[in-house]
Amino acid sequence: MKIVIQKTYEEMSEAAFEMMRELVTRNPAAVLGLATGTTPLGLYERMVKDHRERGTSYKNIRTVNLDEYVGLGPESDQSYIYFMRKNLFDRLDIPRENTNLPNGLAENLERECERYNRLLAGMQQDIQVLGIGSNGHIAFNEPGTPFGAETHVVALAESTIRDNARLFAREEDVPRKALTMGLKNIMHAKQILILANGANKAHAVRGLVCGPVTEQLPASVLQLHPDCTLIVDEAAASLL
Ligand code: GLP
């Protein structure tokens, strides 16, 4: 794993953006695996600015996102599809039909997982962007998830519900279930870019880099990926 430690969140985001711009320039029809959460917002802001100011085009780019809450759709401002449209897709020239997320409103969730797995099988991510949960989860693969899992329905861990409650009016409003790419779908990406900032991620980052490869800390599986880059700020790197 390549590890890049930057002083601040802004520098972490800048370094991530440099990798993304290099890929999109080299391959304007790349498949981007994208993540939600507050961590990648600085990266997305830079992609939008670069598109506006330098004309980098996303019209032939395709995207696949990691996860979505069950029961939330594009009309809900807490859904991941809403987040992606607001913070990135609607601010680039990417056609909406090129963007993909699991559908949290699907009537049959098992069938929706199968649809997403088929889609992913046909579009390998040239890069997969990841954040990390404070308990070491990636996407919504909570501790204990088998490394071989593909897209599945997950019951969120109590710690994840608490962490994510800050983005909802009340903790009760956080959906208890989600659809998530599995670790196998994530590991299938040609290249992985994982970002972390802030002291509350330091423990998970330590497990990701130095811990045993264990299903108890899902991100540790990335130690087995042949092309994984971790970019962190100093606070998140403080236990390394
Ligand atoms: C959620 C998402 C993850 C994300 C994590 C960290 O649980 N499913 O993909 O990495 O939160 O979020 P943040 O970047 O806001 O700390």
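Right above here is the structure, for reference.
Just so you know, these numbers come straight off a predicted model, no measurement behind them. (Residues numbered from 1 in each chain as written. Predicted model: local features only at pLDDT ≥ 70, side-chain atom pairs only at ≥ 80, totals over all residues. Heavy atoms only, no water.)

Caption draft 1: Just the site of the ligand, in detail. Every one of the 13 residues lining the ligand counts as a neighbour, but Thr38, Thr39, Asp67, Arg166 and Lys201 are closest to it. The backbone of Ala139 places a nitrogen or oxygen atom 3.2 Å from a nitrogen atom of the ligand. Of the residues that constitute the shell around the ligand, the class distribution is four nonpolar, six polar and three charged. (Near = heavy atom within 4 Å. Polar contact = N/O pair within 3.5 Å; in protein donor to acceptor, adjacent residues only side chain to side chain. Nonpolar A, V, L, I, M, F, W, Y, C, P; charged D, E, K, R; others polar.)

Caption draft 2: Molecular detail of unusual backbone geometry. One non-glycine residue, Ala139, lies in the positive phi region at around 50°. Take Ala139: it is sitting in the loop between β6 (127-130) and β7 (152-155). (Helix = DSSP H or I, 4+ residues; strand = E, 2+ residues; numbered from the N terminus.)

Caption draft 3: Main features of a nonpolar patch on the surface. Together, Met1, Ile3, Ile5 and Leu240 line one region of the surface with nonpolar side chains, adding up to about 330 Å² of accessible area. Within the secondary structure, Ile5 is located in strand β1 (residues 2-6). You can call Ile5 partly exposed: its relative accessible area is 46%. (Patch = residues over 30% accessible without salt bridge, like charges linked within 9 Å, V, L, I, M, F, W, Y side chains within 5 Å. Areas by Shrake-Rupley, 256 points an atom, 1.4 Å probe, with all protein chains shown as cover. Salt bridge = Lys/Arg side-chain N within 4 Å of Asp/Glu carboxyl O. Buried < 20%, exposed > 50% of the residue type's maximum accessible area, 1.4 Å probe, protein only.)

Caption draft 4: Expanded view of the packing of aromatic side chains. One pass over the full model with this rule turns up four aromatic pairs. Note on Tyr69 and Phe140: the rings are 5.6 Å apart at their centroids and 50° apart in plane angle, and the pair reads as tilted. Of this pair, Tyr69 sits in strand β4 (residues 67-69) while Phe140 sits in the loop between β6 and β7, and the two are 71 residues apart along the sequence. Accessibility classification places Tyr69 together with Phe140 in one group, the buried group. (Phe/Tyr/Trp six-rings, centres within 6.5 Å; stacked < 30°, edge-to-face > 60°.)

Caption draft 5: Expanded view of the pattern of salt bridges. Summed over the entire model, instances satisfying the criterion amount to 12 salt bridges. Each member of the salt-bridge network shares a partner with another, and the members are Glu10, Glu14 and Arg46.

Caption draft 6: Broad picture of the pairing of strand β10 (residues 228-233). Along β10, six of the six residues are buried, which leaves the element largely enclosed by surrounding structure. The two faces of β10 match: Cys228, Leu230 and Val232 on one face and Thr229, Ile231 and Asp233 on the other face are all buried. In this sheet, β10 lies alongside β1 in parallel orientation, the contact comprising five bridges. The residue bridging Lys2 from the neighbouring strand is Thr229, located in β10. As paired strands, strand β9 (residues 192-196) and β10 are joined by five bridges and run parallel to one another. Residue pairing across strands places Ala196 opposite Val232, the latter belonging to β10. The handedness of the β9 to β10 crossover, carried by helix α7 (residues 202-210), is right-handed. (Pairing = 2+ DSSP bridges. Right-handed = clockwise from strand over helix to strand, strands pointing away.)

Caption draft 7: Representation of the sheet that holds β7 within the structure. Spatial ordering of the open sheet is given by β4-β8-β7, a layout of three strands whose pairing is antiparallel. Since the sheet does not close on itself, it has two edges, and those belong to β4 and β7, each with one partner. If you compare each strand with its neighbour and ignore which way they point, the axes differ by 25° on average. Judged from the three bridges that link them, β4 and strand β8 (residues 177-180) form a sheet pairing that is antiparallel. Looking at the pairing, Tyr69 lines up with Ala178 of β8. Across the sheet, helix α4 (residues 109-121) lies against β7 and β8, angled at about 125° from β7, the strand it touches most. (Axes fitted to C-alpha atoms, helices over the stretch in contact; angles between N-to-C directions. Contact = heavy atoms within 4.5 Å.)

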